[in-house]
Amino acid sequence: MFTSRLRGSASGPLALVLAATLGLSACATTDEGSSSGNGEATPAREARALPTGMDAAANPDPYPSTYRGLPRENLAIVGATVLTGDGRKIENGVVILTDGKVSAVGDASTAVPGGHRVIDARGRYVTPGIIDVHSHLGVYPSPGVQGMSDGNEATNPNTAEVWAEHSVWPQDPGFNTARAGGVTTLHILPGSANLFGGRGVTLRNVPSVTMQGMKFPDAPYTVKMACGENPSRVYGGRGRSPATGMGNMAGYRAAFIAARDYKQKWDKWRETGEGSPPTRNLQHETLVGVLDGSILIQNHCYRGDEMALMIDMSKEFGYRITTFHHATEAYKVAPLLAREGICAAMWTGWWGFKMESLDAIEENVALVDAPEGSCAVVHSDDAELIQRLNQEAAAALAAGRRAGMDISEEHAISWITLNAARAIGIDDQTGSLTPGKRADVVIWSADPFSIYARADQVFVDGGLAFDRFDPAYQPVSDFELGQPGYGLSAAGTRQGAR
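Residues numbered from 1 in each chain as written. Predicted model: local features only at pLDDT ≥ 70, side-chain atom pairs only at ≥ 80, totals over all residues. Heavy atoms only, no water.

### With respect to the overall build of the chain
What counts here: Only DSSP runs of H or I reaching four residues or more are called helices, and only runs of E reaching two or more are called strands; each is numbered from the N terminus. Only protein chains enter the accessibility calculation, which uses a 1.4 Å probe; a residue whose area is less than 20% of its type maximum is buried, one above 50% is exposed, and one in between is partly exposed. Any two residues whose heavy atoms approach within 4.5 Å are treated as being in contact. Working definition of accessibility: Shrake-Rupley area with a 1.4 Å probe, residue cover restricted to the visible protein chains.
Looking only at helices and strands, one finds 10 helices and 18 strands in the chain. Sorting the 498 residues of the chain into buried and exposed places 55% on the buried side. Long-range pairs, those at least 24 residues apart, make up 69% of the contacts in the chain with a sequence separation of at least 6. With an accessible surface of roughly 19,800 Å², the chain has 52% of that area assigned to carbon and sulfur atoms.

Written as structure tokens, this is what we have:
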């Protein structure tokens, strides 16, 4: 329960593409057109159903989204400077939200349909909702205690079988503070102790008592991989493999070989129906999804030379990498990333906390953004930075301009909106103020690239998720109720306004 009016209804099955992971049917195929030796048609082989839970294709969506969105009304936001997320800047703009979707965006001549409430946003800015592609909210929630430290299954170099969503604690106060910073969508990842850390999940940033009530409908699953120091340090410190960079690479390759073999066995059984079906293996199942393209790789990787190795390995096994995360040396391989169509999610000012992050530069985002076809993204990986992703993007923009690059604000906003949506496979649904997309919108008090800007109102699917001026739209989770300081004002601000 949450002490606000923001009680979202939630339910709507998540139509994932995972069904393709192990085939299109729970039963084996048949040779319906074959004939016997005497010329008569052979009856089709009877389909064989497996016991419940033993065939992934029989239930491709076992933890479906129950998200329905917040109560909403039709709106017309008028008079603001609009940064659309796809490269346009509209002064004195109009943004029309109808039935939870963006229905029109234009200049002051854009007609306001009847029945739409008008919000006067003169002197303010409007952008798409911010998307954080690398968050651990819910799996490393506040308070940061051992009992809630659920983000790293650091028990084996390959834990592709675990799903971050099974660790998400929806009462994490960080969801509320992120929403107050304009964040409407979050991609929650497991940690980076392992070569394969497990599946990530994309969430809508709305109050909910369950993970399923936040789960982004139709968002593809992802898998977290990690190269570099983390896995070799964790397992080398235990006297086992991987203990080196070459051990890391051997571990990835062995896992994809096993996944290919697993897929072939299931494919053969489905085709022939002969013998016993393979025993379901959750670890292999996730990597088969990578091989068939239904599960997107999100690859923690700092060094440029290691990114090149990972790209070569993807070609060895016939899959593609969607996004490199942290990527402090992405500027060294920016043309390669652009050619391969791989996004890079980066910080602006984090560096030097370990050897693989030593060669970071503030111009990284801008340099990665420069080649044609690039996909530069600013991410947080932090419960505090997620509240100020607009400022992190502003710092990256300033660094690029100091280096002589001509980058506009209407372009740079894509680093935390449209490019971020592309990096996790949801750019067809959100990330820009494009008619037909979800009405994920932030009204800012000032230019979002200003350190003084704050999110005044935040809309998720057209529903008011946060209002800085109305405590009724400043949700508080059950966990926060009754905590020290609850109900007290701070710096003249009422409880709930952050």
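### Considering a nonpolar patch on the surface
Our working rule: Patches here are clusters of residues that have more than 30% relative accessible area and form no salt bridge, with a 9 Å joining cutoff for like charges and a 5 Å cutoff for nonpolar side chains (Val, Leu, Ile, Met, Phe, Trp, Tyr). What makes a salt bridge here is a side-chain nitrogen of Lys or Arg within 4 Å of a carboxyl oxygen of Asp or Glu, nothing more.
On the surface, a nonpolar cluster with roughly 380 Å² of combined accessible area is contributed by Trp 351, Met 355 and Leu 358. Mapping Leu 358 onto the fold places it in the loop between β14 (343–346) and α7 (364–369). Accessibility expressed as a relative area gives 43% for Leu 358, which makes it partly exposed.

### Overview of the packing of aromatic side chains
Let me state the cut-off plainly: By convention, a stacked pair of Phe, Tyr or Trp rings (six-membered ring in the case of Trp) has centres within 6.5 Å and planes under 30 degrees apart, an edge-to-face pair has planes over 60 apart, and any other such pair is tilted.
As enumerated under the stated definition, the model contains 12 aromatic pairs in all. Relative to Phe 256, the ring of Phe 196 lies with its centre 5.6 Å away and its plane at 80°, an arrangement referred to as edge-to-face. Of this pair, Phe 196 sits in strand β10 (residues 196–204) while Phe 256 sits in helix α3 (residues 245–272); the two residues are 60 residues apart in sequence, bridging distant segments of the chain. In this pair, the class of Phe 196 matches that of Phe 256, namely buried.

### Focus: the state of the cysteines
The cut-off we apply is this: In plain terms, two cysteine sulfur atoms within 2.5 Å form what is called a disulfide here.
Scanning the model with the defined rule gives two disulfides in all. The disulfide partner of Cys 227 is Cys 301, and the gap between their sulfur atoms is 2.0 Å. Of this pair, Cys 227 sits in the loop between β11 (222–226) and α2 (229–236) while Cys 301 is found in strand β12 (residues 296–301), placing the two residues 74 residues apart along the sequence. As far as burial versus exposure is concerned, Cys 227 and Cys 301 are alike and both buried. Two residues, Cys 343 and Cys 375, share a disulfide whose sulfurs are 2.2 Å apart. Linking Cys 343 and Cys 375, the disulfide has an S-S dihedral of approximately 80° and is accordingly described as right-handed. In this pair, Cys 343 sits in strand β14 while Cys 375 sits in the loop between α7 and β15 (376–378), placing the two residues 32 residues apart along the sequence. Accessibility expressed as a relative area gives 1% for Cys 375, which makes it buried.

### What about the pattern of salt bridges?
Within this structure, the stated rule accounts for 20 salt bridges. Across the pair Arg 88 and Asp 86 runs a salt bridge, and its minimum N-O distance is 3.3 Å. Relative accessible area serves as the criterion here: at 34%, Arg 88 is assigned to the partly exposed category. A salt bridge links Lys 215 to Glu 165, with the shortest nitrogen-to-oxygen separation between them at 2.8 Å. Within this pair, whereas Lys 215 is found in the loop between β10 and β11, its partner Glu 165 is found in the loop between β8 (130–135) and α1 (173–180), the two being separated by 50 residues in sequence. Residue Lys 215 is classed as buried on the basis of its relative accessible area of 1%.

### Here we look at the sheet that holds β10
Defined as follows: DSSP calls a pair of strands paired once it identifies at least 2 bridges connecting them. Under this scheme, a helix contributes an axis fitted over its contacting stretch, all axes are lines through C-alpha atoms, and angles between N-to-C directions fall in the 0 to 180 degree range.
Judged by pairing direction, the sheet is mixed, and its eight strands sit side by side in the order β8-β9-β10-β11-β12-β13-β14-β15 without closing on themselves. For this open sheet the edge positions go to β8 and β15, each flanked by a neighbour on one side alone. Ignoring strand direction, the axes of neighbouring strands in this sheet form an average angle of 25°. Pairing geometry for β11 and β12, over five bridges, is parallel. Bridge assignment links Thr 222 to a residue of β12, and that residue is Leu 296.

### Observations concerning unusual backbone geometry
Backbone torsion omega between Ser 142 and Pro 143 reads 0°, so that peptide bond is classified as cis. Along the polypeptide, Pro 143 turns up in the loop between β8 and α1. Its identity as a non-glycine residue notwithstanding, Asn 92 has a phi of 50°, on the positive side. Although it is not a glycine, Asp 218 adopts a positive phi angle of roughly 70°. Looking at where Asp 218 falls in the secondary structure, it is placed in the loop between β10 and β11. Residue classification places Asp 218 among the partly exposed positions, given a relative accessible area of 37%.

### Quick word on the nonpolar core
As a reminder, the rule being used: The set of buried Ala, Val, Leu, Ile, Met, Phe, Trp, Tyr and Cys residues whose side-chain atoms join them within 4.5 Å is what this entry labels a nonpolar core.
Judged by nonpolar contacts, the single largest core of 82 residues is most densely connected at Phe 256, Met 310 and Phe 324. Leaving out residues up to four positions away in the same chain, Met 310 has contacts with Met 225, Cys 227, Met 249, Tyr 252, Asn 299, Cys 301, Tyr 319, Ile 321 and Phe 324. Core analysis: the next-biggest nonpolar cluster, separate from the first, contains 20 residues, Val 102, Val 126, Ala 439 and Phe 459 among them.

### Some points on the environment of Gly 245
Relative to the assigned elements, Gly 245 resides in helix α3. The partly exposed category is assigned to Gly 245, whose relative accessible area is 39%. Between the C-alpha atoms of Gly 245 and Cys 227, which are 18 residues apart in sequence, the distance is 7.9 Å.

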